[in-house]
Amino acid sequence: MKISVIQGPNLNMLGIREQHIYGPLTLEQIHLGMEKYAKENDIEIEFFQSNLEGEIIDRIQEAFGSVDGIIINPAAFSHTSIGIKDALMAVNIPTVEVHISNIYQREEFRQKSITAGASMGVITGFGAFSYHLAMISVHQIILEQIEAKKNENK
Ligand code: DQA
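Residues numbered from 1 in each chain as written. Predicted model: local features only at pLDDT ≥ 70, side-chain atom pairs only at ≥ 80, totals over all residues. Heavy atoms only, no water.

Colleague: Got a sec to walk through helix α4 (residues 82–91)? Specific residues and values, please.
Modeller: For α4, the set of buried residues is Ile 84, Ala 87, Leu 88 and Val 91. Around the axis of α4, the buried residues are gathered within 95° of arc, so they sit on the same side. Those residues of α4 that are exposed and angled more than 90 degrees off the buried face are Ile 82 and Ala 90. In this structure Ser 81 caps α4, since a side-chain oxygen of it lies 3.4 Å from the backbone nitrogen of Gly 83. At the C-terminal side of α4, Asn 92 shows a positive phi close to 55°. (Buried < 20%, exposed > 50% of the residue type's maximum accessible area, 1.4 Å probe, protein only. Helix = DSSP H or I, 4+ residues; strand = E, 2+ residues; numbered from the N terminus. Arc of directions from axis to C-beta. Polar contact = N/O pair within 3.5 Å; in protein donor to acceptor, adjacent residues only side chain to side chain.)

Colleague: Mind laying out helix α5 (residues 129–152), listing which residues take part and the relevant values?
Modeller: Given a rise of 1.5 Å per residue, 24 residues ought to cover 34 Å, and the 35 Å separating the end C-alpha atoms of α5 matches this to within 8%. Those residues of α5 that sit buried are Ser 130, Tyr 131, Ala 134, Met 135, Val 138, His 139, Ile 141 and Ile 142. Next to the buried residues of α5 lie β1 (2–7), α2 (27–40), β2 (44–49), β3 (69–73), β4 (95–99) and β5 (121–124). (Expected span 1.5 Å × (residues − 1). Contact = heavy atoms within 4.5 Å.)

Colleague: Mind laying out the sheet that holds β5, listing which residues take part and the relevant values?
Modeller: Strand order in this open sheet of five strands is β2-β1-β3-β4-β5, and the pairing throughout is parallel. Two strands in the sheet have a free side with no partner beyond their single neighbour: β2 and β5. Between one strand and the next, the sheet's axes are offset by a mean angle of 20°, whatever the strand orientation. Looking at chain direction, β3 and β4 are connected through three bridges and run parallel. Across the sheet, the residue bridging to Ile 70 is Thr 95, located in β4. (Pairing = 2+ DSSP bridges. Axes fitted to C-alpha atoms, helices over the stretch in contact; angles between N-to-C directions.)

Colleague: I'd like a description of the site of the ligand, backed by residues and values.
Modeller: The immediate surroundings of the ligand are formed by Arg 17, Tyr 22, Asn 73, Ala 75, Ala 76, His 79, His 99, Ile 100, Ser 101, Arg 106 and Arg 110. Interatomic distance of 2.7 Å between a backbone N/O atom of Ile 100 and an oxygen atom of the ligand. (Near = heavy atom within 4 Å.)

Colleague: Break down the environment of Ser 137 for me, with residues and values.
Modeller: Structurally, Ser 137 can be placed in helix α5. Ser 137 sits in the partly exposed class, given a relative accessible area of 25%. Once the C-alpha coordinates of Ser 137 and Gly 125 are considered, the two residues, twelve residues apart in sequence, prove to be 15 Å apart.

Function-wise, these values are silent; they only describe arrangement.
This is how it looks when you write it as structure tokens:
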């Protein structure tokens, strides 16, 4: 089982940027926690961060046929990017969208995620722990799909 973690713009600044909103952990520290969960559960995991919309779209397309699940925090692009949504719809890989902050408690322009409609579900507002919840969720979704396929073949 392989999961791709895709991180959008400014998430490379975690640990520095607006700590009262995003907390003290760096992206690297968050990824270490996800790696730990992955190891314990026999999951292969890869990480990608970009500040560029097109690079994120390329990465989603590259996931086609090579990963079983996607965890994505499109960050600011959540609120603007039809391109990222279309890419997620195109590859049709089980996806969980993550936000560190609770986007529904914030400015009006953050309260709508365009990309979220392409995900199985959205986890928002639990700080860095949102990523851990996303790992559990995407893992469960993939296990259920494997189980469903087994039953189809019976
Ligand atoms: C964010 C919320 C977005 O509105 C913001 O642009 C981000 C981070 C979050 O994880 O809370 O960069 O996606």
